[in-house]
Amino acid sequence: MGVSQLKAGAILNYIVLGLNSLIGLLYMPYMLRVMGQSEYGLYSLVASVIAYLTIMDFGFGNAIIRYTAKFRAEGKLQEQYSMFGMFLILYSVIGGLSLCAGSVLYFNVDDLFGDTMTAVELSRAKILMLLMLFNLAITFPLSVFGSIITAYEDFIFQKAAMIVRILLNTAVMIILLKYGYKAIAMVIVQTFFNIAILLLNYFYCKYKMSIHIVFGKFQWKFLREVAVYSFWIFLNAIMDRIYWSTGQFVLGAFVGTTAVAVFAVAIHLQSMYMSFSTAISGVFLPRLTAMVANHSSDSEISDLFIRTGRMQYVVIAFLLSGFILFGRSFFHLWAGEGYEDAYIITLLFFGALTIPLIQNVGIAVLQARNQMRFRSILYVIIAICSLGGQVILAKHFGAVGCAIAIACALLIGQGMVMNVYYSRVQKLNISAFWKEIAKMSITPVVITLTGIYAIANFKLSGVFDFIVAVLIFALFYIPAFWVFSMNTYERKLVLSPIVSIYKRVTR
């Protein structure tokens with residue numbers, strides 16, 4: 001069951017991503033035009049501020065997955081149930097603390113953004129903040145059940161529920177936007193569906209998986225062990241917040257909501273780009289934890305690292321090549337006027353993220369081995385330097401300046417330092433990894449350079465021209481990459497679900 005759930009989880013992840021991408025391409029332009037740049041910037045700014053409070057998870061969500069997988073591998077059922085009870089209490093307390101911390105932000109909105117916002121924008125920002133705080137406080141305790149489902153590798157249920165949520169959320173928002181509702185309605189709808197999914201996870205755990213929650217004597221000794229593990233995950237979460245939420249905050253404080261909107265659109269595409277990679281790596285933590293518990297060799301883990309990195313690069317290389325060629329035209333047609341800088345910002349993000357995205361199974365390796373300390377400390381230091389760079393560059397170059405600071409930090413941290421660490425300390429075969437990636441890169445580089453020359457002689461003036469150009473690119477790129485860059489294992493991995501579906505249909 002485990003292997004089929006892993007394959008199904010990865011496939012369903014890509015279905016979710018494809019659905020999100022399709023909705024992003026069709027729904028988001030409509031939303032941007034109906035809401036307006038200022039309103040969307042306001043929503044994005046408040047969301048980025050509230051996102052800081054998500055670090056109050058303290059890495060415990062990841063710990064639930066790791067220790068549940070560990071206890072399952074060791075056959076310790078009662079220890080699992082006691083741990084679930086402990087975390088439910090702990091997350092309930094964290095939910096209350098998040099409300100208190102959010103209240104401090106709420107009462108200081110005028111001081112934080114009074115220089116760049118109107119009185120009406122400040123009033124709406126406070127309403128949005130209250131709604132998002134309520135959503136977050138409810139999410140913390142109920143998120144335990146989602147982590148349990150992930151740890152049990154029951155990916156099919158999770159992803160199916162996510163698909164239904166995406167479709168319903170989008171349909172309701174289109175109707176509300178049509179009748180004039182904007183950012184506040186968006187947050188209310190998101191909160192409703194979020195709570196519905198959380199409750200669904202609870203009922204699934206209780207009645208389908210027969211999970212028991214045992215409330216007994218609080219396990220302080222075990223909590224200290226978990227806290228040591230989670231602390232480094234927590235530092236990593238701080239780094240993520242500094243990278244991907246601070247830019248909106250800095251621009252909101254020094255530039256204004258219009259710059260925030262441009263930056264937020266680039267962040268939206270950046271999150272989609274990241275998701276196409278984590279769709280594969282995100283299902284491997286329970287399996288890697290079991291491999292470590294069973295004392296798998298460094299060569300076996302390195303092999304998984306390289307194979308997964310290659311599979312991720314199949315997707316990432318296609319997206320990066322296509323965006324280099326068509327990104328500028330895409331923003332003009334998709335977002336409209338006023339978002340010209342978003343292409344440069346997004347390209348900076350894509351380029352800097354490519355290395356960490358094709359190596360993010362390395363994070364799962366560190367988590368499984370409980371060796372997150374070095375990476376977390378390194379990334380927090382680099383993220384703080386990035387924050388300083390964002391403040392300085394935003395004053396002179398606006399949203400592009402923020403993106404430059406973030407991209408440089410990512411390249412130094414993952415592109416340079418972490419590769420040395422993976423090789424020398426974790427004993428992953430990094431040289432073999434980069435040899436594989438280099439061989440795979442010949443086709444994308446040749447096609448991208450050829451495409452740049454070809455596009456320079458043609459102007460994509462409308463949606464039809466754009467679609468035709470992208471299709472021509474795909475018709476050349478995909479067969480060439482299939483023949484010259486992919487190996488037999490990867491071709492079989494792509495073909496097997498297609499063949500399986502075909503057999504079922506014909507049967």
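Above this text sits the structure in question.
Residues numbered from 1 in each chain as written. Predicted model: local features only at pLDDT ≥ 70, side-chain atom pairs only at ≥ 80, totals over all residues. Heavy atoms only, no water.

Undergrad: Sorry if this is basic, but what is going on with the overall build of the protein chain here?
TA: Counting its regular elements, the protein chain contains 19 helices and zero strands. In terms of overall size, the protein chain behaves like a compact globule, its C-alpha atoms giving a radius of gyration of 23 Å where 507 residues would be expected to give roughly 23 Å. C-alpha extents for the protein chain along the principal axes are approximately 65 × 60 × 50 Å. Counting the 507 residues in the protein chain, one finds 53% classified as buried. A fraction of 86% describes how many contacts in the protein chain between residues 6 or more apart in sequence connect residues 24 or more apart. Per element, the accessible surface of the protein chain, about 23200 Å² overall, is 69% carbon and sulfur. Charged side chains of the protein chain number 36 positive and 21 negative; the gap between the two group centres comes to 9 Å. (Helix = DSSP H or I, 4+ residues; strand = E, 2+ residues; numbered from the N terminus. Rg over C-alpha atoms; globule rule 2.2 N^0.38 Å. Buried < 20%, exposed > 50% of the residue type's maximum accessible area, 1.4 Å probe, protein only. Contact = heavy atoms within 4.5 Å. Areas by Shrake-Rupley, 256 points an atom, 1.4 Å probe, with all protein chains shown as cover. Lys, Arg positive; Asp, Glu negative; His and termini not counted. Charge placed at Lys NZ, Arg CZ, Asp CG, Glu CD.)

Undergrad: I keep staring at the packing of helix 10 (residues 246–254) against helix 16 (residues 373–424) and nothing clicks. Help me out?
TA: Packed helices, taken two at a time, are described by the angle between their axes plus the distance between the axes. Following both chains from N to C, one finds helix 10 and helix 16 inclined at 70°, their axes separated by 9 Å at the closest point. The pairing of helix 10 with helix 16 is recorded here as roughly perpendicular in orientation. Helix 10 and helix 16 meet at a crossing whose hand is right-handed. Residues Thr246, Gly247, Val250, Leu251 and Phe254 of helix 10 form the contact with helix 16, whose own contacting residues are Leu387, Gln390, Val391, Ala394, Lys395, Gly398, Ala399 and Cys402. (Axes fitted to C-alpha atoms, helices over the stretch in contact; angles between N-to-C directions. Parallel < 35°, antiparallel > 145°, perpendicular 65-115°, else oblique. Left-handed = near helix turned anticlockwise from the far one by under 90°.)

Undergrad: I'm lost on the packing of helix 13 (residues 298–334) against helix 14 (residues 341–358) in this one. Help?
TA: Where helix 13 meets helix 14, the closest approach of the two axes is 10 Å, and the angle between their N-to-C directions is 175°. With respect to their mutual orientation, helix 13 and helix 14 come out roughly antiparallel. Where helix 13 approaches helix 14, its residues Gly309, Gln312, Tyr313, Ile316, Leu320, Phe323, Ile324, Gly327, Arg328 and Phe331 are matched on the opposing element by Ala342, Tyr343, Thr346, Leu347, Phe350, Gly351, Thr354, Leu357 and Ile358. Across the contact of helix 13 with helix 14, the residue classes break down as 12 nonpolar, six polar and one charged. (Nonpolar A, V, L, I, M, F, W, Y, C, P; charged D, E, K, R; others polar.)

Undergrad: Help me understand unusual backbone geometry, please; the structure alone is not making it clear to me.
TA: One non-glycine residue, serine 210, lies in the positive phi region at around 55°. By relative accessible area, which is 40% here, serine 210 ends up partly exposed. A positive phi is found at lysine 427, a non-glycine position, where the angle reads about 60°. Along the chain, lysine 427 turns up in the loop between helix 16 and helix 17 (430–455).

Undergrad: Would you mind going over the environment of alanine 63 with me for this structure?
TA: Mapped onto the elements, alanine 63 comes out in helix 3 (residues 60–74). The spatial distance from the C-alpha of alanine 63 to the C-alpha of phenylalanine 87 is 9.9 Å, given a sequence separation of 24 residues. Discounting residues that sit within four places of it in the chain, alanine 63 has contacts with Phe87, Val226, Tyr229 and Ser230.

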